[in-house]
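Okay, here's what each chain looks like letter by letter:
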Amino acid sequence: MGGWSWSSDSAERVVNSYSSFMVVIVLLLILYVVFISALLPYAERLGGVQLMGFLMEVSVFLALFLSIAALTYSRMSSLRKALSCLRGVEVRDRMLMLVTINGTYRVGLDEVLICYRALRFTRARRYNVFIRYRDLVYEMPELRPEDFGALRQVLKDYGVEVNKCADDLSRYVCVESK
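Residues numbered from 1 in each chain as written. Predicted model: local features only at pLDDT ≥ 70, side-chain atom pairs only at ≥ 80, totals over all residues. Heavy atoms only, no water.

Draft legend 1. Geometry of the pattern of salt bridges. All told, the structure shown has three salt bridges when counted by the stated rule. Arg 144 is the partner of Glu 146 in a salt bridge, and the nearest nitrogen-oxygen pair spans 3.4 Å. Note that Arg 144 is salt-bridged to Asp 147, the shortest N-O span being 3.0 Å. Judged by relative accessible area, Arg 144 falls into the partly exposed class, the value being 39%. For Asp 147, a relative accessible area of 23% corresponds to the partly exposed category. Ionic contacts of the salt-bridge type, sharing partners, join the residues Arg 144, Glu 146 and Asp 147 into one network. (Salt bridge = Lys/Arg side-chain N within 4 Å of Asp/Glu carboxyl O. Buried < 20%, exposed > 50% of the residue type's maximum accessible area, 1.4 Å probe, protein only.)

Draft legend 2. Expanded view of the confidence of the model for the protein. With 74% of its residues at a pLDDT of 70 or more, the protein has an overall mean of 76. Taken element by element, the predicted model of the protein shows its lowest mean pLDDT in helix α2 (residues 43-47) (65) and its highest in helix α4 (residues 145-157) (89). (pLDDT = per-residue confidence, 0-100. Helix = DSSP H or I, 4+ residues; strand = E, 2+ residues; numbered from the N terminus.)

Draft legend 3. Examining the sheet that holds strand β1 (residues 4-7) more closely. In space, the four strands of this open sheet follow the order β1-β2-β3-β4, with antiparallel pairing throughout. The two strands at the open ends of the sheet, each matched to only one other strand, are β1 and β4 (103-108). Strand-to-strand, the axes of this sheet are offset by a mean angle of 10°, without reference to chain direction. Pairing of strand β2 (residues 86-92) with strand β3 (residues 95-100), which is carried by six bridges, proceeds in the antiparallel orientation. Paired with Gly 88 across the two strands is Val 99, which belongs to β3. (Pairing = 2+ DSSP bridges. Axes fitted to C-alpha atoms, helices over the stretch in contact; angles between N-to-C directions.)

Draft legend 4. Summary view of the environment of Glu 161. Positionally, Glu 161 belongs in the loop between α4 and β8 (163-164). Once the C-alpha coordinates of Glu 161 and Leu 113 are considered, the two residues, 48 residues apart in sequence, prove to be 9.7 Å apart. With residues near it in sequence (within four places) discarded, Glu 161 still touches Ile 114 and Lys 156. (Contact = heavy atoms within 4.5 Å.)

Draft legend 5. Structural context of the sheet that holds β8. Spatial strand order, β7-β6-β5-β8: four strands in an open sheet with mixed pairing. Two strands bound the open sheet, and with one partner strand each, they are β7 (136-143) and β8. Sheet topology places strand β5 (residues 113-119) next to strand β6 (residues 126-133); seven bridges connect them, and they run antiparallel. Paired with Leu 119 across the strands is Arg 126, a residue of β6. Strands in contact with α4 are β5, β6 and β7; relative to β7, the strand with the most contacts, it is inclined by about 130°.

In structure tokens form, the structure reads like this:
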């Protein structure tokens, strides 16, 4: 029997987008602190050195707290997305190997549910293939027709049918950012 494999770097792209977001937040925070520090010499004219100093300290701490909250939220979101992203899939010997950011899973074809959704908004027809394993949904995004056909044929040789997805499983999986 034949085999089939696929690989992607979407997990790395999710981590890189988080890193870029973090750099932007830190730069904005540094810019804010510099702006507040530049206002300190003019505090006496603006109405009381002690009051202005206190308000500036409060605003710096508030900005720091908000940026830490935004970073924490975006980190958790990025980690969830990266964990559900597939790095690679291989089909051989009635086994499916799922390569993810947190490990490699080797499972039998009878342990997974595989379905697809056709994308028609692109010029060339593309397919998203979803794999459900242990209540997690993984996605092979935008397979070309020839790759999808090869996957379907290999799975058919092993007695596994790939049908259209009944649900919209895209909300459960890694969102690939290009």
